[in-house]
Amino acid sequence: MFLYIPARRLPKLAREFLTYTRTGPAQIITRRAGFVDQAPEEIALNAQGDRFANAIRVADGEDGLTSLKRMVDTLTPLRRLSTSFRFETGAARLDAQSRSNVQQLAHAIEAGVYDGRQLVFVGFSDGEGPAESNQRIAQQRAQAVKLAIETAVETADLSQVQLSTDAFGEAMPMACDDTSWGRQVNRRVEVWVR
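All values derive from a computational prediction rather than experimental measurement.

K.L.:
Talk me through the overall build of the chain; I want residue IDs and the actual numbers.
P.N.:
Across its full length, the chain holds seven helices and five strands. Each helix and strand of the chain, ordered N terminal to C terminal, gives the series α-α-β-α-α-β-α-β-α-β-α-β. Summarising the internal contacts of the chain: among those between residues at least 6 apart in sequence, 72% fall at separations of at least 24. Total accessible area computed for the chain in this model is approximately 10900 Å², and 55% of it derives from carbon and sulfur atoms.

K.L.:
Could you give me a rundown of the environment of Arg117, with the residues and numbers involved?
P.N.:
Inspection of the secondary structure puts Arg117 in the loop between helix 5 (96–110) and strand 3 (118–124). Here Arg117 falls in the partly exposed class, since its relative accessible area comes to 24%. Each C-alpha atom of the pair Arg117 and Val161 lies 5.4 Å from the other, and the pair is 44 residues apart in sequence. Excluding residues within four positions of it along the chain, Arg117 makes contact with Glu42, Gln160, Val161, Gln162, Val193 and Arg194.

K.L.:
Mind laying out the sheet that holds strand 2 (residues 79–86), listing which residues take part and the relevant values?
P.N.:
Read from one edge of the open sheet, five strands run 1-2-5-3-4, paired in mixed fashion. Only two strands of the sheet have a single partner each, and these edge strands are strand 1 (42–44) and strand 4 (162–167). Between one strand and the next, the sheet's axes are offset by a mean angle of 35 degrees, whatever the strand orientation. Sheet strands touched by helix 4 (residues 61–75): strand 3, strand 4 and strand 5 (188–193). Its angle to strand 4, the strand with the most contacts, is close to 160 degrees. On the sheet, helix 5 packs against strand 2, strand 3 and strand 5 and is oriented at approximately 140 degrees with respect to strand 2.

K.L.:
Describe in detail the pairing of strand 5, supporting the description with residues and values.
P.N.:
Counting buried positions over the six residues of strand 5 gives six, a clear majority of the element. Side chains of strand 5 alternate between two faces, with Arg188, Glu190 and Trp192 and Val189, Val191 and Val193 buried alike. Where strand 2 lies against strand 5, five bridges are found, and the strand directions are antiparallel. Along strand 5, the bridge assignment pairs Phe85 with Val189. Bridge count between strand 3 and strand 5: six bridges; the pairing is antiparallel. Residue pairing in the sheet places Phe121 in a bridge with Val191 of strand 5.

K.L.:
With reference to specific residues and values, describe the pattern of salt bridges.
P.N.:
On inspection of all chains with the given rule, the structure shows five salt bridges. Residue Lys12 pairs with Glu16 through a salt bridge whose shortest N-O separation is 3.6 Å. In this pair, Lys12 and Glu16 are both assigned in helix 1 (residues 12–21), four residues apart and thus about one turn of the helix distant. Residue classification places Glu16 among the partly exposed residues on the basis of a relative accessible area of 44%.

About the thresholds
- Residues numbered from 1 in each chain as written.
- Predicted model: local features only at pLDDT ≥ 70, side-chain atom pairs only at ≥ 80, totals over all residues.
- Heavy atoms only, no water.
- Helix = DSSP H or I, 4+ residues; strand = E, 2+ residues; numbered from the N terminus.
- Contact = heavy atoms within 4.5 Å.
- Areas by Shrake-Rupley, 256 points an atom, 1.4 Å probe, with all protein chains shown as cover.
- Buried < 20%, exposed > 50% of the residue type's maximum accessible area, 1.4 Å probe, protein only.
- Pairing = 2+ DSSP bridges.
- Axes fitted to C-alpha atoms, helices over the stretch in contact; angles between N-to-C directions.
- Salt bridge = Lys/Arg side-chain N within 4 Å of Asp/Glu carboxyl O.

Here it is in structure tokens:
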């Protein structure tokens, strides 16, 4: 269930209710009611399903295998958050859901949920175009999410959490690149935690 806050100012009661819907207790109620909650979960590397099989399938040549090995070495000690970030088509601007995810993650950082931990924003692209360009746009998008989080965090001491970026371009597709929907799904930034 997604709730989007309109650009206009809402009455205080509505603002308080929308703020409450993002809290831990409200997310538990949402889950118990049979809806998909928005609370981020940490997913271990061995629970990534077909994602790595897809990565192996699309690895092309020696460069592709080298990139794949680097990705596995980098992500092995980390756990992926279920929260991800997507972008408007052809842009580095976050889509509406992702802007909401920025606020949610920023609040968690402010609350100290990730104190003493490392958050790595990992960019991925679709497979259209040259691999070097895809790697570059994936890195730019990862940087854009990191900057958005740093900007949104107002009261946290960022020295308590380490934020960094990495990118693997087209290395781990979530969907088939043969459709525009699949390419959109593949263009994302994930958050990995240590």
